[in-house]
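# Results of the structural survey
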Amino acid sequence: MTAYVFPGQGAQFPGMGADLYEKSPEAKDLFHQANDILGFSITDTMFQGSAEDLKETKVTQPAVFLHSVILSKVLGDNFKPDMVAGHSLGEFSALVANGVLSFQDGLKLVSQRAQAMQKACEIKPSTMAAVLGLEDEMVESVCSETEGIVVAANYNCPGQLVISGEYNAVERACENLKERGAKRAMILPVGGAFHSPLMEPARKDLAAAIENTKFSDPICPVYQNVSTFAVNDPEEIKKNLVFQLTAPVKWTQSVQNMIKDGAKEFIEVGPGKVLQGLVKKIDRGMETSSAGI
């Protein structure tokens, strides 16, 4: 069985998507639609902008989403998933590629998500940190003992967990984690505490938009960040998506469940190769590749 996986924020790079635009009339049309929906020329930033330009929140999330989704559309009959999953933002790409959301609705939700997250980040100084070389349970325990809001946010692969919360609490947790034997505990260059209780204002903003969007039956099961198991019911998919912003990304558990359910190959659809690396760390024998045209 073939699993298609979709990357999240951080996978962007200057020039992303330009090859798709040049090679495919369908891609060109979808990029033009995206410019109209967003109300600005995201293609200019994606194709000609700098790495710094691509870091702007209103650009980053739609850019990664567009690269993934348009690539999946251009693959045509070669895109034959038995199961899909996306890392954080990538879950929206997976849902469009999987027929749950239309291209237009998916892009609108991603744009609203980016703006809602940006707004939530401005309310309180917050951040995330990568923790390497400790058991998940140890990281969870240190977070719970640390004063202030700090939680486990991204279970990326065994021995790699990202924590998220108030700036001072994350700093304190990093010091405590180093004392407990973490190889590294480093603050990440992100705008705020994604996948933590501090994203509650963004979750509320996005929940209304998700509730008012049509969700269709998927063409194959989706393994969502919140639940980690195969989901086919549009209402359940919708519910999990609402809670995604404040809940942790359980990537390790999702990949393990996909393998348990028969995945033999993981194909990454979108910029970069981060997810292929994580899959290999979860199961060294798994076959991985990048989708291409």
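See the structure above.
A few points on the structure. All residue numbers here refer to positions counted from 1 along the written sequence of the relevant chain. Per-residue local features are limited, in this predicted model, to residues with pLDDT of at least 70; the limit for side-chain atom pairs, both in listing and counting, is 80 or more; totals at the level of whole chains, interfaces and linings are taken over all residues. With hydrogens and water stripped out, all remaining heavy atoms of the structure feed into the side-chain values.

### What to know about the overall build of the chain
Quick note on the threshold: We count a stretch as a helix when DSSP gives it H or I for four or more residues in a row; a strand needs E for two or more, and each element gets its number in order from the N terminus. Every radius of gyration here is taken over C-alpha atoms, with the globule rule written as 2.2 Å times N^0.38, N being the number of residues. Only protein chains enter the area calculation, which uses a 1.4 Å probe; residues under 20% of their type maximum are buried, those over 50% are exposed, and those in between are partly exposed. The criterion used for residue contact is that any of the two residues' heavy atoms lie within 4.5 Å. In this description, accessible areas are obtained by the Shrake-Rupley approach with a 1.4 Å probe, and a residue is regarded as covered only by the protein chains that are shown. This count recognises Lys and Arg as positive and Asp and Glu as negative, with His and chain-terminal groups excluded. Note on charges: their place is set at NZ of Lys, CZ of Arg, CG of Asp or CD of Glu.
Scanning the chain for helices and strands turns up 13 helices and ten strands. A compact globule built from 293 residues should have a C-alpha radius of gyration of about 19 Å, and the chain, at 18 Å, falls within 12% of that. Counting only C-alpha atoms and orienting by the principal axes, one finds that the chain spans roughly 55 × 40 × 35 Å. Considering the chain as a whole, with its 293 residues, one finds that 56% of them fall into the buried category. Excluding contacts between residues fewer than 6 apart, the proportion of contacts in the chain whose partners are at least 24 apart in sequence is 72%. Put simply, the chain shows about 12300 Å² of open surface, and 49% of that area lies on carbon and sulfur atoms. Each charge sign in the chain was given a centre, from 27 positive and 36 negative side chains, and these centres are 2 Å apart.

### So, helix α8 (residues 136–145)
Spelled out, the test is: The directions from the helix axis to the C-beta atoms form the arc being described.
Listed in full, the buried residues belonging to α8 are V139, V142 and C143. Looking down the long axis of α8, one finds its buried residues gathered within 100° of arc, a one-sided arrangement. In this structure, α8 carries E137, S144 and E145 as exposed residues pointing more than 90 degrees from its buried face. Where α8 is buried, its residues touch β3 (126–132), β4 (150–157), β5 (160–166) and α9 (167–179).

### Considerations on helix α11 (residues 234–243)
Each full turn of the α-helix corresponds to 3.6 residues, which orients residues three or four apart in the same direction. Listed in full, the buried residues belonging to α11 are P234, I237, K238, N240, L241 and V242. The inward-facing, buried residues of α11 abut α6 (90–97), α10 (200–211), β7 (222–223) and β8 (230–231).

### Structural notes on the state of the cysteines
Applicable threshold: Here, two cysteine sulfur atoms that lie within 2.5 Å of each other are counted as a disulfide.
Scanning the model with the defined rule gives zero disulfides in all. Just so you know, C121 is unpaired, no disulfide at all, and the nearest cysteine sulfur is the one on C174, 17 Å from it. The class of C121 is buried, set by a relative accessible area of 11%.

### Things to note about the pattern of salt bridges
This is how the line gets drawn: When a carboxyl oxygen of Asp or Glu is within 4 Å of a side-chain nitrogen of Lys or Arg, the pair counts as a salt bridge.
By the definition in use, this model includes six salt bridges. Note that D205 is salt-bridged to K119, the shortest N-O span being 3.2 Å. Within this pair, whereas D205 is found in helix α10, its partner K119 is found in helix α7 (residues 103–123), the two being separated by 86 residues in sequence. Owing to a relative accessible area of 37%, D205 belongs among the partly exposed residues under this scheme. Where K124 meets E166, a salt bridge forms, and the shortest distance between an N and an O atom there is 3.0 Å. Of the two residues, K124 sits in the loop between α7 and β3 while E166 sits in strand β5, which places them 42 residues apart along the sequence. Accessibility expressed as a relative area gives 37% for K124, which makes it partly exposed.

### Quick notes on a negative patch on the surface
As a reminder, the rule being used: Patch members must show over 30% relative accessible area and no salt bridge, and they are joined within 9 Å when carrying like charges or within 5 Å when they are nonpolar side chains of Val, Leu, Ile, Met, Phe, Trp or Tyr.
Together, E211, D217, D233, E235 and E236 make up a region of like negative charge exposed at the surface. Residue placement: E236 occurs in helix α11. Assessed through its relative accessible area of 33%, E236 is described here as partly exposed.

### A look at the nonpolar core
We count it as follows: Nonpolar core, defined: a set of buried Ala, Val, Leu, Ile, Met, Phe, Trp, Tyr and Cys residues in which side-chain atoms within 4.5 Å join the residues together.
Counting 63 residues, the largest nonpolar core has F6, F31, M46, F65, L66, I70 and M199 as the members making the most contacts within it. Here this core takes nine residues from helix α5 (residues 57–74), the largest share from any one element. Leave out the neighbours within four places in its chain, and L66 touches F31, A34, I42, M46, L71, F103 and L107. Core analysis: the second largest hydrophobic core is formed by 18 residues, A129, V142, V150 and L177 among them.

### Some remarks on the layout of surface pockets
The method is simple in principle: a probe with the dimensions of a water molecule rolls over the atoms, and the space it marks as empty is what remains. Spelled out, the test is: Here a cavity denotes a set of grid points, spaced 1 Å apart and computed over the protein atoms alone, in which a 1.4 Å probe fits but from which it cannot get out, and a pocket denotes an open set meeting protein on both sides within 12 Å along at least five of seven lines; residues with an atom within 4 Å of a point are reported as lining. Grid points are joined across faces, edges and corners, and a volume is the space filled by probe spheres set on the points. Under the scheme applied, nonpolar residues are Ala, Val, Leu, Ile, Met, Phe, Trp, Tyr, Cys and Pro; charged residues are Asp, Glu, Lys and Arg; polar residues are all the others, including Gly.
What the largest pocket holds in volume is close to 910 Å³. Lining the largest pocket are 35 residues, with Q9, G10, A11, L188 and V190 sitting closest to its centre. Listing elements by their share of the lining of the largest pocket, those giving two or more residues are α5, α7, β3, β4, β5 and α13 (274–282). When residues in the lining of the largest pocket are grouped by element, the largest group, five residues, is from α13. When its residues are assigned to classes, the lining of the largest pocket shows 17 nonpolar, 15 polar and three charged.

### Looking at the packing of aromatic side chains
The cut-off we apply is this: Aromatic rings from Phe, Tyr and Trp, with only the six-membered ring used for Trp, were paired whenever their centres fell within 6.5 Å, and each pair was classed as stacked if the ring planes differed by under 30 degrees, edge-to-face if by over 60, and tilted otherwise.
Taken as a whole, this structure holds five aromatic pairs when the rule is applied. Ring centres of F31 and F47 lie 5.4 Å apart, and the angle between their planes is 80°; on these two criteria the pair is classed as edge-to-face. With F31 in helix α2 (residues 25–38) and F47 in helix α3 (residues 42–48), the pair connects residues that are 16 residues apart, well separated along the chain. The class for F31 is buried, based on a relative accessible area of 0%.

### Section: the sheet that holds β5
Backbone-to-backbone hydrogen bonds join strands into a sheet, with any given pair of strands oriented parallel or antiparallel. Put simply, the test is: DSSP-based pairing: two strands are paired if at least 2 bridges between them are found. Throughout, an axis means a line fitted to C-alpha atoms (over the contacting stretch in the case of helices), and angles, computed between N-to-C directions, take values from 0 to 180 degrees.
Reading across the sheet, the four strands line up as β4-β5-β3-β6 and stay open at both edges, with antiparallel pairing between neighbours. Every interior strand has two partners, whereas the edge strands, β4 and β6 (184–187), have only one. The mean inter-strand angle of the sheet, taken between neighbouring strand axes irrespective of direction, is 25°. Where β3 meets β5, seven bridges bridge the pair, whose relative direction is antiparallel. Within the sheet, the bridge partner assigned to A130 lies in β5 and is V162. Contacts from α8 reach β3, β4 and β5, with the element oriented near 165° to β4. The strands touched by α13 are β4 and β5; relative to β4, the strand with the most contacts, the crossing angle is about 85°.

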